[in-house]
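Understanding the architecture of this molecule
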Amino acid sequence: MKVHWTDTAAGHLDAIYSYIAQDSQEYAMRMVNKLTCRSQQIANYPQSGRTVPEYEIDQIREVIEYPYRIIYHIKADQIDILAVLHGSQNILRQE
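In what follows, the accompanying structure is described. (Residues numbered from 1 in each chain as written. Predicted model: local features only at pLDDT ≥ 70, side-chain atom pairs only at ≥ 80, totals over all residues. Heavy atoms only, no water.)

Any two side chains of opposite charge can pair, given that their charged atoms come close. What the rule picks out here adds up to 7 salt bridges. Close ionic contact of R30 with E26 constitutes a salt bridge, the shortest N to O distance being 4.0 Å. Here R30 and its partner E26 are both found in helix α2 (residues 25-44), 4 residues apart, which amounts to about one turn of the helix. For E26, a relative accessible area of 57% corresponds to the exposed category. Residue R38 is joined to E65 by a salt bridge in which the shortest nitrogen-to-oxygen separation is 2.9 Å. Taken together, the residues span a long stretch of sequence, with R38 in helix α2 and E65 in strand β3 (residues 60-65) at a distance of 27 residues. Across this residue pair, the class does not change: R38 and E65 are buried. (Salt bridge = Lys/Arg side-chain N within 4 Å of Asp/Glu carboxyl O. Helix = DSSP H or I, 4+ residues; strand = E, 2+ residues; numbered from the N terminus. Buried < 20%, exposed > 50% of the residue type's maximum accessible area, 1.4 Å probe, protein only.)

Time to look at the pairing of strand β4 (residues 68-74). Look at any regular strand and the pattern is simple: side chains alternate between the two faces of the sheet. Burial runs high along β4: 6 of the 7 residues are buried. The sheet contact formed by β4 and strand β5 (residues 78-86) spans 7 bridges and is antiparallel. Following the sheet pairing, I74 is matched in β5 by I79. Here β4 folds back onto β5, and the loop between the two strands holds 3 residues. (Pairing = 2+ DSSP bridges.)

In this model α2 runs 30 Å from its N-terminal to its C-terminal C-alpha over 20 residues, within 8% of the 28 Å that 1.5 Å per residue would give. Turning to α2, its buried residues number three or more, namely A28, M31, V32, L35, R38, S39, I42 and A43. Across the axial projection of α2, the buried residues extend over an arc of 155°, all falling on one side. Facing away from the buried surface of α2 by more than 90 degrees, the exposed residues are E26 and C37. Residues of α2 that are buried sit in contact with β1 (2-5), α1 (7-21), β3, β4 and β5. (Expected span 1.5 Å × (residues − 1). Arc of directions from axis to C-beta. Contact = heavy atoms within 4.5 Å.)

Just geometry here; none of it tells us what the structure is for.
Rendered as structure tokens:
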């Protein structure tokens, strides 16, 4: 199934890269690559992620790439990556 990164999720990746790159551009790139590579797992096995506890909606799921949560929405024709959040962030306070 096709995976689409929303503008919000892409912005989160940019922010993660910028934050980590303050210390190491190499590590920042590795982390962003790990996060984006998880979209292949999501494309092949959309149900492999757990239901997001804060919402408990079967179509909204997440996979963990420590310390980040990749939150996605399963639709009939594609999967939308909604957000990439640090595990310590409160998802209910996100815009």
